[in-house]
Amino acid sequence: MCGGGNKRSQADIDAEAKAAADARIAAEDAKREEVEVKAEQKREDIGEAVESRAESKAMRGGKGRRSLFKAGGGGFLDRFS
């Protein structure tokens, strides 16, 4: 026969499993919150970069992006037709 040793009740095992599950859920929530904060910061940074670029293009006085198909602009159709 085996000696008694360390016997745990089912209630102890269930309590440990519940505590582990709660800790896992809390860790996932913290990770999700961190990801959301980083995503929001990236959105703000991208928005600022786009605004900055638009302002700098407007200051140059250039035409900006031109269509290759626009008549009279020396586009694709004028070059290869």
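The present account deals with the structure reproduced in this document. Predicted model, so just to flag it, every value in this text is computed and none were measured.

### Things to note about the overall build of the protein chain
Then, number 1: Of the regular secondary structure elements, the protein chain holds two helices and zero strands.
Then, number 2: In the protein chain, which comprises 81 residues, the proportion classed as buried is 1%.
Then, number 3: Taken as a whole, the protein chain presents about 7,700 Å² of accessible surface, with 56% of it coming from carbon and sulfur.

### Focus: the pattern of salt bridges
Then, number 1: Scanning the model with the defined rule gives four salt bridges in all.
Then, number 2: Between Glu 34 and Lys 38 there is a salt bridge whose closest N-O contact spans 3.6 Å. Highlighted residues: Glu 34 and Lys 38, both in helix H1 (residues 10-60), separated by four residues, approximately one helical turn.
Then, number 3: Residue class for Glu 34 comes out partly exposed when judged on its relative accessible area of 40%.
Then, number 4: Since its relative accessible area comes to 52%, Lys 38 is described here as exposed.
Then, number 5: Measuring nitrogen to oxygen at the nearest pair gives 3.1 Å for the salt bridge that ties Glu 40 to Arg 43. On the criterion of helical spacing, the pair formed by Glu 40 and Arg 43 is a turn pair, its members being three residues apart in helix H1.
Then, number 6: Relative accessible area serves as the criterion here: at 36%, Glu 40 is assigned to the partly exposed category.

Cut-offs applied
- Residues numbered from 1 in each chain as written.
- Predicted model: local features only at pLDDT ≥ 70, side-chain atom pairs only at ≥ 80, totals over all residues.
- Heavy atoms only, no water.
- Helix = DSSP H or I, 4+ residues; strand = E, 2+ residues; numbered from the N terminus.
- Buried < 20%, exposed > 50% of the residue type's maximum accessible area, 1.4 Å probe, protein only.
- Areas by Shrake-Rupley, 256 points an atom, 1.4 Å probe, with all protein chains shown as cover.
- Salt bridge = Lys/Arg side-chain N within 4 Å of Asp/Glu carboxyl O.

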